[in-house]
Every structure is written in C-alpha cells, then in structure tokens.
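# Overview (structure and organization)
One-letter residues, chain by chain:
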Amino acid sequence: MLLGGGVEYKSLREVCKTLPKGTLKKDEVNQTSQYPVINGGCELYGFYDKYNNEANAFTFSARGSAGFVSYFNTRFWAGGLCYPYTSKNENILITKFIYYYLKSQEQNIMDTLVARGSIPALNKSDIDNLKIPIPPLPIQEEIVKILDTFTELEGELEAELKLRQKQYKYYLNKLLSFENDGGGGLVQWLEMQEVFDIRNGYTPSKAKAEYWEGGNIPWFRMEDIRTNGRMLSDSIQHITKQAVKGKLFPANSIIVATTATIGEHALITVDCLANQQFTFLTKKQTVGNKLNMKFFYYYMFIVDEWCKEHVNSSSFASVDMAAFRKLKIPIPPLEEQERIVGILDKFDELVSDISLGIPAEIQMRKKQYEYYRDKLLRFEE
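Nothing here was measured: the structure is a model prediction, and the numbers come from that model.

Before going further, it helps to spend a moment on unusual backbone geometry. Here the phi dihedral of Asn252 falls at roughly 70 degrees; this positive angle occurs in a residue that is not glycine. Relative to the helices and strands, Asn252 is located in the loop between β14 (237-239) and β15 (253-257). By relative accessible area, which is 42% here, Asn252 ends up partly exposed. Positive phi, close to 60 degrees, is recorded for Ala260, a residue that is not glycine. Note that Ala260 resides in the loop between β15 and β16 (265-268).

A separate point is the packing of helix α5 (residues 137-175) against helix α8 (residues 293-309). Orientation of α5 relative to α8, taken along the N-to-C sense of each, is 100 degrees, at an axis distance of 10 Å. As judged from the angle between their axes, α5 and α8 are roughly perpendicular. Between α5 and α8, the residues in contact are Tyr168, Leu172 and Asn173 and Tyr298, Phe301 and Ile302, respectively. Among the residues making up the contact of α5 with α8, the classes are represented as 5 nonpolar, 1 polar and no charged.

Moving on, we come to the pattern of salt bridges. Summed over the entire model, instances satisfying the criterion amount to 10 salt bridges. For Glu54, the salt bridge goes to Arg75, with nearest N and O atoms at 2.9 Å. Of this pair, Glu54 sits in the loop between β4 (46-48) and β5 (57-61) while Arg75 sits in the loop between β6 (69-72) and β7 (77-78), placing them 21 residues apart in sequence. Classification of Glu54 by relative accessible area gives partly exposed; the value is 44%. Lys284 serves as the salt-bridge partner of Asp197, at 3.0 Å between the closest nitrogen and oxygen. Residue Asp197 is located in strand β11 (residues 196-200), and its partner Lys284 is located in the loop between β18 (278-283) and α8; the two are separated by 87 residues in the primary sequence.

A separate point is the packing of helix α2 (residues 95-104) against α5. Running from N to C, α2 and α5 point in directions that differ by 65 degrees, and their axes come no closer than 9 Å. When the axes of α2 and α5 are compared, the crossing they make is left-handed. In this structure, α2 contributes Lys96, Phe97 and Tyr100 to the contact, and α5 contributes Gln140, Ile143, Val144, Leu147, Asp148 and Thr151. Split by residue class, the contact of α2 with α5 holds 5 nonpolar, 2 polar and 2 charged.

Counting 39 residues, the largest nonpolar core has Leu176, Met192, Phe196, Leu281, Leu291, Phe296 and Phe324 as its most contacted members. The set of elements that each furnish at least two residues to this core consists of α5, α6 (192-195), β11, β15, α8, β21 (328-331) and α10 (334-352). Take this core: its biggest share by element is 10 residues, from α8. Discounting chain neighbours no more than four positions away, the residues touching Leu176 are Phe295, Tyr298, Tyr299, Ile302, Ile340 and Leu344. One finds Leu12, Tyr83, Leu122 and Ile127 within the second-largest nonpolar core, a separate group that totals 36 residues.

Moving on, we get to the packing of aromatic side chains. For the structure on display, the rule yields 20 aromatic pairs. Through a chain of ring-to-ring contacts, the aromatic side chains of Tyr168, Tyr170, Tyr171, Tyr297, Tyr298, Phe301 and Phe347 assemble into a single cluster. In this structure, Lys103 is placed above the aromatic ring of Phe68, and the distance from its NZ or CZ to the ring centre is 3.7 Å. The ring of Tyr202 has Lys245 sitting right over it, with the charged end atom 4.4 Å from the ring centre.

The subject of this paragraph is the side chain of Glu264. Mapped onto the secondary structure, Glu264 falls in the loop between β15 and β16. What Glu264 contacts, discounting residues up to four positions off in sequence, is Met222, Arg230, Ile255, Val256, Ala257, Phe278 and Asp304.

Rules and cut-offs
- Residues numbered from 1 in each chain as written.
- Predicted model: local features only at pLDDT ≥ 70, side-chain atom pairs only at ≥ 80, totals over all residues.
- Heavy atoms only, no water.
- Helix = DSSP H or I, 4+ residues; strand = E, 2+ residues; numbered from the N terminus.
- Buried < 20%, exposed > 50% of the residue type's maximum accessible area, 1.4 Å probe, protein only.
- Axes fitted to C-alpha atoms, helices over the stretch in contact; angles between N-to-C directions.
- Parallel < 35°, antiparallel > 145°, perpendicular 65-115°, else oblique.
- Contact = heavy atoms within 4.5 Å.
- Nonpolar A, V, L, I, M, F, W, Y, C, P; charged D, E, K, R; others polar.
- Salt bridge = Lys/Arg side-chain N within 4 Å of Asp/Glu carboxyl O.
- Left-handed = near helix turned anticlockwise from the far one by under 90°.
- Core = buried A, V, L, I, M, F, W, Y, C linked by side-chain atoms within 4.5 Å.
- Phe/Tyr/Trp six-rings, centres within 6.5 Å; stacked < 30°, edge-to-face > 60°.
- Lys NZ or Arg CZ within 6 Å of the ring centre and 35° of its normal.

What follows is the structure in structure tokens.
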C-alpha cells in the first residue's frame, strides 16, 4: 500500500516495549493448565498455571526456529528462548499491525539476521533495530481487519482438517499397534541402532560463499517440512560439493527433529544434507528389504510422540539420544507392511496431499493471505 509522501519508520525499540520472560523446565509444563507457554519453537512449549504477560503481544523465537514470529490474544507465559514485545502506545501503533508487518518480514529475518551456528540463534539487538512503518491509525486498523478475516477463514478450514487428522491418527495407531503381536507371532522387535545408521545433520559455514553459491545439493531445514510436507525430493536451500564433509546422506533416509521443534519427521527421496536440528536414520545394509521405508515413515508418527516425551531437561530441549538408540521398533512381515502402507496412503491423500480437498483450499487461502498481506504492508519511506 503506497501512500502519498510515504510513511515514517522507527526502530522496534522506539515503538515497542520488551516484556518479561522466564525459563520453565519441561516437567513444569503440561497440556491441561490454563496459560499457553511459548519458548524457542514455532509451536507452543505447553501450558502452565501462571502467566507472565497480558494478551496482545508478539514474540520472536530466539533459538532453534529462530526468527519465527507468534501473536498472543490471551495471557501467556514467555519462556527464556523467545523475545516478547508489545506496542508502547496503541493509539499510535497497533500491536497486531506490528505483528502482521513482522510476519511479512519473517523469512528475510531468518535469512539475514539468524546466526547459523550449531544451534540457529537470533540476537535481541538485531531485532531491536528492525524498522517498523507507522501509517495513519485508520489504515493500520483496516489492514488488521482485512488480515484478521483471512486468518479466521483459514482457521475454520484448519479446524475441519484437524477433525480429519484425528480420524487418520486413530487408524494409524490402530494399524501400527503391535504390542499384542498382531502380526501372528511374526513381528520382530529391534532397537533403532540395530536397524539404522544414526547421524546428525550440520550447517556448512555461511561465511564461505563457495559452500552456497550455485549449489545444487539439497540441504533441508524445518522450513522445508512446513512448506512442502513430509515427503521431500528437493529443498528450499542448496549447497555445493565443497560444503560436504564426507558422504551425503543417502536417498530414502528419514530425518527427525531431535532438538528445538522436537518430533517432526520426513522421508527424503534424494541424496542430501540437513541442518543440525535433524537426526538422520539410514537403513543398514544388513536390514535390506526386510523393512519398507514407507512403512517406517508412518511408524515414525509414533516415534515422534515418544521423542516429545523423552526430552533432556535443560535450557535447550533435546531428545535423550541414548534412549532413542535403544528404542525398540516393530518389523512385521513385509506383506503386512505393504498392506498397512496401502491403507495409510489413502488416508494420507485425504488429509495431507496439497492437491486435494481441504489442504488444497488452505494452501490457496494462505497464498491469498500472503499476497494481500505483502501488498497491504508495503510502504514508502
């Protein structure tokens, strides 16, 4: 939205006040308390029986999914791994308008301000220096109203999708429950480390342009799963051969997030690398065709939940990898694996395929929202 004469810009520190935050251990949060807790991820850390901030505030994730922006319209607890803010004066600059503007800048913030060390990190001083436009209040109000409408429509579709996902999860758990040996006495239970080579991803140095410029080797991040789903054949960012230490992770490996946004996974169908948030599971040669990787991709939804429940208690959440390596997984007869894959593929199409049904409409709404958001939030200085 271009206004005659442009608009004034001020730094975030000039227009927003920093809000309190406090570290909570994983065993202090649950799923039943009243107040949501946000920490270093894109999703809620859990719920707590106290709050340290009032409604109408936004946060930046400071670690892991660094740069991700969230908005809260209810009282909440800000954890130690985020930066919470609210507007200093709602009569000059509306907090939710600031949130929508920052959301439009989110990817740029992630690409330019986040330090890509062993754990992605965002410095508060860099956030405080971000420039925020200050259009007239009626224009801010109209922009918030329009974008709220898009958000509400998307929310209604996502609520319907959640019902489908709940049904899908029921059948997935039913089909993949082998505790009572539903495979007719032929289900074999093996430790993860017996079935897979288990290694961590890494981030090549961003300071070395030759590692990135003109690269064609896929390098996966959580953003790839969020954008393109859990069956991935290419990545958003790529690296060069010079960036590779040793060998690439082979096609048909599973990546699972074992730090930050724990318990997300994908099946990768190309040779690749991924960042250090992910652990790679590559089938051992000794296992051969005893394990259908598409079957194990589906079983990983159960492993994801196990990961969320077996986190080391520290300031930065990570999966207990010693226990992970010893986790026993079922290997039913290959015919049974293929039967289960056939059933779950059909459910997966209904729920997850971006070309069908509700997910396709959600994707369309998101694109509309992003188009109008970016158009409405473009200002001249």
